Amino acid sequence: PALSVVTAISVVGVTLGVWLVIVSLAILSGFEHDLRKKIIGAHAHILIQQPQSKPFPLDASLLSAIEQTEGVEASAAYVEGEVAVASRSNFNGGVLMGIDLKASPGVLEVLKSLPPGTLDKLEPVSAVAALEDDPFAFAAPSVPPGIIVGVEMARALSIKEGDDVRVISPTLEVLTPLGPAPKSRGFRVVGI
């Protein structure tokens, strides 16, 4: 009887240990898949850039050489920079990417998950011009350009679609009476 109790405890212990290892591997595998999907979905598989990420002129011959390279399915130019994004209740750091609206959906998987028509809202809406015959007429306020933010940033900033945010660039400065200040611009959230 003593041997059967020790055997039962051992079997239960081994069973629980194996179960715990299987559950841990399943959780880590799901986490790895999610992380890989987010990293690859928001970035191209290959980036062509200058040393120190300096911009370079993009001409038609370079674009055609990239497109004709074997294995290249799509290509798109972009610019990016580190910024701070401020909402009414909070602020958060992030990376702002300026993309080519026509070519980028073929490169960035994350854009394919957006609802149809979201990218069309990124086109800036121009302000209505003042009446030419009345020099004292005021132009209607312009609608801020659109911006798409990630789910995590939207949660951190407590924002939803249609809210306005302010993007502040620490590297671009504007001269004020008090000295240089970071340049900022308002945007309207058109997608998350």
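Residues numbered from 1 in each chain as written. Predicted model: local features only at pLDDT ≥ 70, side-chain atom pairs only at ≥ 80, totals over all residues. Heavy atoms only, no water.

**Focus: the side chain of Thr118**
Thinking step 1. On the secondary structure map, Thr118 appears in the loop between α3 (109–112) and β3 (146–148).
Thinking step 2. One polar contact links the side chain of Thr118 to the main-chain carbonyl oxygen of Pro115, over a distance of 2.8 Å.
Thinking step 3. Among all residues touching Thr118, those that are not within four sequence positions of it are Ile148, Val190 and Gly191. (Helix = DSSP H or I, 4+ residues; strand = E, 2+ residues; numbered from the N terminus. Polar contact = N/O pair within 3.5 Å; in protein donor to acceptor, adjacent residues only side chain to side chain. Contact = heavy atoms within 4.5 Å.)

**Observations concerning the sheet that holds strand β4 (residues 164–176)**
Strand pairing within a sheet occurs via backbone hydrogen bonds; the two strands may be parallel or antiparallel.
Thinking step 1. Spatial ordering of the open sheet is given by β2-β1-β4-β5-β3, a layout of 5 strands whose pairing is mixed. One side of each edge strand has no neighbouring strand; the edge strands of this open sheet are β2 (91–99) and β3. Strand-to-strand twist of the sheet, defined as the mean angle between neighbouring strand axes without regard to direction, takes the value 50°.
Thinking step 2. Note that β4 and strand β5 (residues 179–191) share 10 bridges and pair antiparallel. Its bridge partner being in β5, Asp164 is matched across the sheet by Arg188. (Pairing = 2+ DSSP bridges. Axes fitted to C-alpha atoms, helices over the stretch in contact; angles between N-to-C directions.)

**Considering the layout of surface pockets**
Thinking step 1. Taken as a whole, the largest pocket spans an internal volume of roughly 1500 Å³.
Thinking step 2. Elements represented by at least two residues in the lining of the largest pocket include exactly α1 (2–42), β1 (78–86), β2, α3, β3 and α4 (151–157).
Thinking step 3. Sort the elements by how many residues they give to the lining of the largest pocket and α1 lands first, with 7 residues.
Thinking step 4. Of the residues assigned to the lining of the largest pocket, the class counts are 25 nonpolar, 7 polar and 7 charged.
Thinking step 5. Computed from the structure, the second largest pocket encloses a volume of approximately 1200 Å³.
Thinking step 6. What lines the second largest pocket is a set of 39 residues, and nearest its centre among them are Ile46, Leu47, Ile48, Ala76 and Tyr78.
Thinking step 7. Sorting the residues of the lining of the second largest pocket by element identifies α1, α2 (60–67), β1, β2 and α3 as the ones contributing at least two each.
Thinking step 8. When residues of the lining of the second largest pocket are assigned to their parent elements, the largest contribution, 5 residues, is made by β1.
Thinking step 9. Here the residues of the lining of the second largest pocket sort into 23 nonpolar, 9 polar and 7 charged. (1 Å grid on protein atoms, 1.4 Å probe; cavity = no way out; pocket = protein on both sides within 12 Å on 5 of 7 lines; lining within 4 Å. Points joined across faces, edges and corners; volume = space filled by probe spheres on them. Nonpolar A, V, L, I, M, F, W, Y, C, P; charged D, E, K, R; others polar.)

**So, the nonpolar core**
Thinking step 1. Counting residues in each nonpolar core, the largest one holds 12 residues, listed as Val83, Val85, Ile147, Val149, Met153, Ala154, Leu157, Ile159, Val165, Val167, Phe187 and Val189.
Thinking step 2. Contributions of two or more residues to this core are made by β1, α4, β4 and β5.
Thinking step 3. For this core, the leading source of residues is α4, giving 3 residues.
Thinking step 4. Those residues in contact with Phe187 that lie beyond four places of it in its chain are Pro144, Pro145, Gly146, Ile147, Asp163, Asp164, Val165 and Val167.
Thinking step 5. Counting residues in each nonpolar core, the second largest holds 7 residues, with Leu108, Leu114, Leu119 and Leu122 among its members. (Core = buried A, V, L, I, M, F, W, Y, C linked by side-chain atoms within 4.5 Å. Buried < 20%, exposed > 50% of the residue type's maximum accessible area, 1.4 Å probe, protein only.)

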